[in-house]
Amino acid sequence: MRALPNIKTKHQKHYGVGGVMKRREVIGWAAAAMVLAMMPGASAEEPPIKIGMSMPQTGGLAGGGKASLLGIEIWRDDVNARGGLLGRKVELVVYDDKSSASETPALYAKLLDIDKVDLLFAPYATVPTAPIMPLVKQRGMLLMGNFSFQVNSKVHHDMWFNNAPWGPADSWATGFLTLGQKAGGKTVAILSADQEFAQNIATTARDVAKKLNLPVVFDQAYPPSTAEFSSIIRALDAAKPDIVFVASYPPDSAAILRAVNEIGVGDNVKIFGGAMVGLQFAAVMENLGSLLNGVVNYNTWLPEPSMYFDGTKEFFEKYSKRAVEAKVDPLGYYLAPYGYAMGQLIEEAVNATKSLDQKALAKYLRENTHKTIVGPITYAEDGEWKESATLEAQFRGVKDKNMDQFRSAGKQVILFPDRLKTGDLITPFEDARNK
């Protein structure tokens, strides 16, 4: 074999003492390069860790789905800026489930079988999540839940972990009805949409009322298509309840409050609200304005002093800027920080176990308390939070057509749970409406 010609060029590098690499050195370096190429992390960039999910981007749940996804995307960008997970970048694989339960089983099968994702996040809300639970359990996959309610109560998947702060199933009703009872309430009215989520909540309200010895004097489920609530509110008023618990969806919530404003519910009502979906979203709050005053309703995050944890402020600074570009809920209180926290939970578990093993991750999540931007999270056996952090807060001093007012403390005063409380209930409801 001929020796390599000793020809110098302006691009040639010199090695050793004063000479050009010779043939033996070239072969040595080539061999070393081959060894390095076979070492982990030393060759081409490793493939990303894929996190798969469907998320409603169209349909009735799209508003919430888009805000939730933005929260997850902010976490993805942050974790990738920190070097990713296990030295690999994080990639999100997302499909639009169109807010439909009929879409999600096929989409999650595709994520597992075609996209070969490493981890799964659930879609936003109860209805799209429930149908995928049997599939996920059968495949032995960990699933991070995303604001669904009691979807694991029958499936009993031991690798399900909800990001929502609901805690025990009766926590919503317990917080609200206990507040009403402490205010002197002795009877209850329950008004609920005739759909799965609202009916689940209404059932727990009946159970809690029974435990608290509060007779239910009015109990009505209305069809989802109901648009006019005047006759229902008149019938409710005639029953003269002290506590009015409402489980409704966004269009219904707005229509119910307009009917209450027109007709009233009587001076005997101590507290009104409870589980009205929609009153957490910026556009709905801005639209209803002063009609919100006095209502006590559930929420998940509010700009009250008790709600700031490590990283919370920084998250909302990022969210506010990106929400304008993404054209999503400009406040993002209800869902977005919990999307980010879902990523934090996975990040902590992967870093602690140094693994993507589903069982190892589930064991870590189940056995530890986790620090997130929405506070510490500890899981119970069923994959729900061991301790509820679902807020009951009262709207106060809300003006019409003013979005920015909701960025400040004092517009939604936290009454429950006690550890996050920032004020006391103003009662009766009719008086509170004028505060």
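In every chain, residue numbers begin from 1 and rise along the written sequence. Predicted model: local features are reported for residues with pLDDT of at least 70 only, side-chain atom pairs are reported and counted for 80 or more only, and whole-chain, interface and lining totals are derived from all residues. Values reported for side chains reflect all heavy atoms of the structure, with hydrogen atoms and water molecules removed beforehand.

Participant: Can you tell me about the overall build of the protein chain, naming the residues and giving the values?
Facilitator: In terms of helices and strands, the protein chain carries 14 helices and 16 strands. Only protein chains enter the area calculation, which uses a 1.4 Å probe; residues under 20% of their type maximum are buried, those over 50% are exposed, and those in between are partly exposed. Out of the 435 residues belonging to the protein chain, those deemed buried represent 51%. Whether two residues touch is decided by their heavy atoms; if any such pair falls within 4.5 Å, the residues are in contact. Long-range pairs, those at least 24 residues apart, make up 68% of the contacts in the protein chain with a sequence separation of at least 6. With the model as given, the accessible surface of the protein chain reaches about 19500 Å², and the carbon-plus-sulfur share is 54%. Think of it this way: any DSSP run of H or I at least four residues long counts as a helix, any run of E at least two long counts as a strand, and we number them from the N terminus. Residue burial considers only the protein chains on display, and all accessible areas are found by Shrake-Rupley using a 1.4 Å probe.

Participant: Describe the packing of aromatic side chains, listing the residues and the values that go with them.
Facilitator: Note on aromatic contacts: the rings of Phe and Tyr and the six-membered ring of Trp form a pair at centre separations within 6.5 Å, being stacked when their planes are under 30 degrees apart, edge-to-face when over 60 apart, and tilted otherwise. Counting across every chain of the model gives 24 aromatic pairs. When the centroid spacing of 5.1 Å and the interplanar angle of 70° are considered together, the rings of Phe 161 and Tyr 379 count as edge-to-face. With Phe 161 in strand β7 (residues 160-162) and Tyr 379 in the loop between β14 (377-378) and β15 (391-395), this pair connects stretches of sequence that are 218 residues apart. Owing to a relative accessible area of 2%, Tyr 379 belongs among the buried residues under this scheme. Measuring from ring centre to ring centre gives 4.4 Å for Trp 301 and Phe 316, while their planes differ by 35°; the resulting arrangement is tilted. With Trp 301 in the loop between β12 (296-299) and α11 (312-326) and Phe 316 in helix α11, this residue pair connects regions lying 15 residues apart in the sequence. The same class applies to Trp 301 and to Phe 316, which are both buried. Taken together, the aromatic side chains of Phe 147, Phe 149, Trp 166, Trp 172, Phe 197, Tyr 249, Phe 281, Tyr 298, Tyr 334, Tyr 338 and Trp 385 make up a single cluster linked through ring pairs.

Participant: Explain the sheet that holds strand β5 (residues 119-121) to me, and be specific about the residues and the numbers.
Facilitator: Hydrogen bonding along the main chain pairs the strands of a sheet, whether they run parallel or antiparallel. Any two strands with at least two DSSP-identified bridges between them are counted as paired. Strand order across the open sheet formed by five strands is β4-β3-β5-β6-β7, with parallel pairing between neighbours. If you trace the sheet from one side to the other, it starts and ends with β4 (90-95) and β7, each paired once. Here the average twist between neighbouring strands, direction ignored, is 25°. Bridge count between β5 and strand β6 (residues 143-145): two bridges; the pairing is parallel. Lines are fitted to the C-alpha atoms to define the axes, a helix being fitted only along its stretch in contact, and any angle between axes, read from their N-to-C directions, falls within 0 to 180 degrees.

Participant: Mind laying out the nonpolar core, listing which residues take part and the relevant values?
Facilitator: The term nonpolar core refers to a set of buried residues drawn from Ala, Val, Leu, Ile, Met, Phe, Trp, Tyr and Cys, joined through side-chain atoms within 4.5 Å. Of all hydrophobic cores here, the largest spans 138 residues; its most connected members are Met 53, Leu 120, Leu 142, Met 144, Ile 256, Phe 272 and Tyr 319. Tallying contributions element by element places helix α12 (residues 336-353) first for this core, with nine residues. When neighbours within four sequence positions are excluded, Leu 120 is seen to be in contact with Gly 52, Tyr 108, Leu 111, Leu 112, Val 136, Met 141, Leu 142, Leu 143 and Met 144.

Participant: If you had to explain unusual backbone geometry to someone new, which residues and values would you point to?
Facilitator: A cis amide bond links Phe 416 with the next residue in sequence, Pro 417, at an omega value of 0°. A positive phi angle, close to 65°, is found at Phe 147, a residue other than glycine. Topologically, Phe 147 is positioned in the loop between β6 and β7. For Phe 147, a relative accessible area of 4% puts it in the buried group. With phi around 55°, Lys 327 is a residue other than glycine that occupies positive phi space. Structurally, the position occupied by Lys 327 is in the loop between α11 and α12.

Participant: An account of the environment of Val 90 is needed here, citing residue identities and associated values.
Facilitator: Tracing the backbone through its elements, the reader meets Val 90 in strand β4. Using a relative accessible area of 5% as the deciding quantity, one classes Val 90 as buried. Each residue touching Val 90, except ones within four places of it in the same chain, is listed here: Ile 49, Ile 51, Trp 75, Arg 76, Val 79, Asn 80 and Leu 85.

Participant: With reference to specific residues and values, describe the packing of helix α2 (residues 62-81) against α11.
Facilitator: α11 packs onto α2 with a crossing angle of 120° between their chain directions and a minimal axis gap of 10 Å. Taken as axis vectors, α2 and α11 run oblique relative to one another. With respect to the hand of their crossing, α2 and α11 are arranged in right-handed fashion. Contacts between α2 and α11 involve Ala 67, Leu 70, Gly 71, Glu 73, Ile 74, Arg 76, Asp 77 and Asp 78 on the former and, on the latter, Phe 315, Lys 318, Tyr 319, Arg 322, Ala 323 and Ala 326. Residue polarity is assigned by list, with Asp, Glu, Lys and Arg as charged and Ala, Val, Leu, Ile, Met, Phe, Trp, Tyr, Cys and Pro as nonpolar; anything else, Gly included, falls into the polar class. Class assignment for the residues of the contact of α2 with α11 results in seven nonpolar, one polar and six charged. When an angle is under 35 degrees it counts as roughly parallel; over 145 it counts as roughly antiparallel; between 65 and 115 it counts as roughly perpendicular; any other value is oblique. Crossing handedness is defined as follows: a turn of the near helix away from the far one that is anticlockwise and smaller than a right angle gives a left-handed crossing, while the clockwise case is right-handed.

Participant: An account of α2 is requested, with residue identities and associated values reported.
Facilitator: Expected span, for any helix, means 1.5 Å times one less than how many residues it has. The terminal C-alpha atoms of α2 lie 28 Å apart, and with 20 residues this matches the ideal 28 Å at 1.5 Å per residue to within 8%. Counting buried positions along α2 gives 14 out of 20 residues, so the element sits mostly inside the fold. In the segment just after α2, Gly 83 is the residue with positive phi, at about 110°.

Participant: Lay out the sheet that holds strand β16 (residues 412-416) in plain terms, naming residues and giving numbers.
Facilitator: Spatially, seven strands are ordered β9-β8-β10-β11-β12-β15-β16 in an open sheet, and the strand pairing comes out mixed. At either end of the open sheet lies a strand with only one pairing partner, and these are β9 (216-222) and β16. When the angles between neighbouring strand axes are averaged without regard to direction, this sheet yields 25°. Bridge count between strand β8 (residues 188-193) and strand β10 (residues 243-248): five bridges; the pairing is parallel. From the neighbouring strand, Val 188 faces β10, where its bridge partner is Ile 243. Here helix α9 (residues 250-263) sits on the sheet and contacts β8, β9, β10 and β11 (271-276); the angle it forms with β11, its principal contact strand, is near 165°.

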